[in-house]
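The lines below spell out each chain.
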Amino acid sequence: MSATRFVQFLSGKRLDWSLACVAIVISMLPVSALKPWTNDVARLVLVPFVPVTHLGMFLRERIRPPQAIFDPRSPETIALDNEVARLRLLYEQTRLSSAQLEQTIQALRAVSTRIGSANTTFVEAAVVALDPSRVGGVVQVNAGSRHGVIPGAPVFIEGDLFAGLISDEVGSFGAAVIPALRLPSIGCRLYPAEGSDPRVPVQNYAGAVLKPTGRGTWTADVASTGELSVGLVARVADDRLPRSALGTRIGRVVSVEPIEQVPLARRIEVAPIAGLSDVASVIIAIDRSQQ
Amino acid sequence: MRWSVFIIIVLFTCALDASLGAVFEIGGIRGQLLPAVVVFMCLAAPKRIAVRAAMLAGLAADLFAPMVLADGTLLVVPGPRVLAFALGALAVVPLRGLLYRQNPLSSSAATFLFSLLVGIVWVFLWIIRSVILSSSAPWWPATGASEVFLRVFAAVGDAALALPVCWLLEKSRPLWGFRVTMRVSPGAARQGL
């Protein structure tokens, strides 16, 4: 009886106000109160509509194909280019890795052990949904824990372009990717576009900590006497990121400006070479030793 | 109004916005289909139902748009768009008497107003939340002002998309089950004078 009365009481404008109050309260709840359930609810709502988003992505590919990153050339040249990029990546990865290993013997032991048992596997995943509310937001991919995807795994596009990290919310058949532009900071080194000179120590190339500007680029203050110019390629050199991300390309320097307060330093702006919204599929590197 | 039809269309539209939406992106500004659907409903459904339905659409929009926290984790906050859509609906509903509902241009103008209000209210609520909880907002590291600026352009995009969307929705009007009431008042023309 009282329930019926309550339903009658909670109708009309009272119901509207009640719903608005609930919305306000939920909006103002702290992260710790929301995180345990809202992400799961969102995933439950999204999952039945993955076929629709997949169809939408397919149509998007047909209607507005991603912009070509490189000039169209013959297949042989493209294959060679890919091979060169792969070898250059391996080369830079090895150089950066050895430079880090030289710093401390303890690190050398730890890392050499890790390398000895390295068991990195790669999973290809299709991009099934983008954040509809903002450009450069979170991206959903159709690979999850059933495919071996783990939180924090690096995500690559075009072979050696670091695109982001898998978030800590990994579903059975899907996961969210946090774009590199949304990470708080990324350590990197700046190399000429044609690659580094093997005779020059790695430390001679300028290092920078890239921070997002909010305009789809990164900025960093670089205190280096070395030459800084537009076109330099930024490669990941960040201990906080998984080893498979080391040496991968992240962006290209688009501007170099002096800093009046610090005459020896310069402020650079780095633009991403490609973004997650430009591609239909990504590669996720999974280090088994982290599982 | 048939709620089942509305819910399916809203979720379907959210899914399309999350995938096909990138096609409508110009210079980092992306129009969405969902505001046009909500405005179409607001212009046809009774006021009380319109506000509740708009809240439901706002909830769906919130669930489809997680934010990235400063520690790199994801968070879905259901609420800001619920309120924003409700206020947007309250702004659009009174326009019904002023607009010729079946004209897509009317819907487009109403969509612009709706999206603009939704954007401003959404930014306002997030600023309040950021101040109360000392947390970051979804537009980090950009500023709230720049986000409002973006939302204004996005409202223009939403209004442009509303033209074809409302035309299509108009064709599906029988499916929605809107109750049509006609008020006939006597006058000189009717009496043949």
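Residues numbered from 1 in each chain as written. Chains lettered and ligands numbered in written order. Predicted model: local features only at pLDDT ≥ 70, side-chain atom pairs only at ≥ 80, totals over all residues. Heavy atoms only, no water.

Draft legend 1. Looking closely at the interface of chain A and chain B. In this complex, chain A contributes 52 residues to the contact, which on the side of chain B involves 51 residues. Carbon and sulfur atoms supply 68% of the area buried between chain A and chain B, which totals about 4,500 Å² over both sides. Taken as a group, Met 28, Pro 132 and Arg 182 of chain A account for 15% of the area that chain A buries against chain B, more than any other trio of residues on that side. The tally of links between chain A and chain B comes to one salt bridge. One salt bridge in this structure joins Arg 52 of chain B and Asp 16 of chain A, with 2.7 Å as the shortest N-O distance. Where chain A touches chain B, the interface holds nine residue pairs in polar contact (both at pLDDT 80 or more). Counting only elements with at least two residues in the side of chain A that touches chain B, the list comes to α2 (13-27), α3 (31-46), α4 (50-63), β1 (120-130), β4 (161-170) and β5 (175-179) of chain A. Top element by residues in the side of chain A that touches chain B is α3 of chain A. It accounts for ten residues. For the side of chain A that touches chain B, a count of residues per class yields 32 nonpolar, eleven polar and nine charged. (Contact = heavy atoms within 4.5 Å. Buried area = accessible area lost by both parts, 1.4 Å probe. Salt bridge = Lys/Arg side-chain N within 4 Å of Asp/Glu carboxyl O. Polar contact = N/O pair within 3.5 Å; in protein donor to acceptor, adjacent residues only side chain to side chain. Helix = DSSP H or I, 4+ residues; strand = E, 2+ residues; numbered from the N terminus. Nonpolar A, V, L, I, M, F, W, Y, C, P; charged D, E, K, R; others polar.)

Draft legend 2. Structural view of the nonpolar core. The biggest cluster of nonpolar side chains holds 71 residues, and the ones touching the most others in it are Val 38, Met 41, Phe 85 and Trp 176 of chain B. The element that contributes the greatest number of residues to this core is helix α1 (residues 3-19) of chain B, accounting for nine residues. Ignoring anything within four residues of it in the chain, the contact list for Phe 85 of chain B reads Leu 34, Val 38, Ala 54, Ala 57, Gly 58, Ala 61, Phe 114 and Val 118 of chain B. Ranked by size, the runner-up nonpolar core spans 30 residues in total, among them Phe 156, Val 236, Ala 245 and Ile 250 of chain A. (Core = buried A, V, L, I, M, F, W, Y, C linked by side-chain atoms within 4.5 Å. Buried < 20%, exposed > 50% of the residue type's maximum accessible area, 1.4 Å probe, protein only.)

Draft legend 3. Representation of α1 of chain B within the structure. Between its first and last C-alpha atoms α1 of chain B spans 24 Å; for 17 residues at 1.5 Å apiece the expected length is 24 Å, and the two agree. In terms of burial, α1 of chain B is a largely internal element, twelve of the 17 residues being buried. The complete set of buried residues in α1 of chain B reads Val 5, Phe 6, Ile 9, Val 10, Leu 11, Thr 13, Cys 14, Ala 15, Leu 16, Asp 17, Ala 18 and Ser 19 of chain B. Those residues of α1 of chain B that are buried are in contact with α3, α4 and β1 of chain A together with α2 (34-42), α3 (47-63) and α7 (173-176) of chain B. (Expected span 1.5 Å × (residues − 1).)

Draft legend 4. Structural view of the confidence of the model for chain A. Per-residue pLDDT for chain A averages 82, and the proportion of residues at 70 or more is 86%. Taken as a whole, residues 104-117 of chain A scores under 50 in pLDDT and shows seven contacts with residues more than four places along the chain or in a different chain. (pLDDT = per-residue confidence, 0-100.)

Draft legend 5. Up close: the packing of α2 of chain B against helix α6 (residues 144-171) of chain B. Residues and elements named next belong to chain B. Contact geometry for α2 and α6: axes closest at 8 Å, N-to-C directions at 55°. Between α2 and α6, the angle falls in the class oblique. Along this stretch, α2 crosses α6, giving a crossing that reads as right-handed. Of α6, the residues touching α2 (which contributes Pro 35, Ala 36, Val 37 and Phe 40) are Asp 158, Ala 162, Val 165, Cys 166, Leu 169 and Glu 170. In the contact of α2 with α6, the residues fall into eight nonpolar, no polar and two charged. (Axes fitted to C-alpha atoms, helices over the stretch in contact; angles between N-to-C directions. Parallel < 35°, antiparallel > 145°, perpendicular 65-115°, else oblique. Left-handed = near helix turned anticlockwise from the far one by under 90°.)

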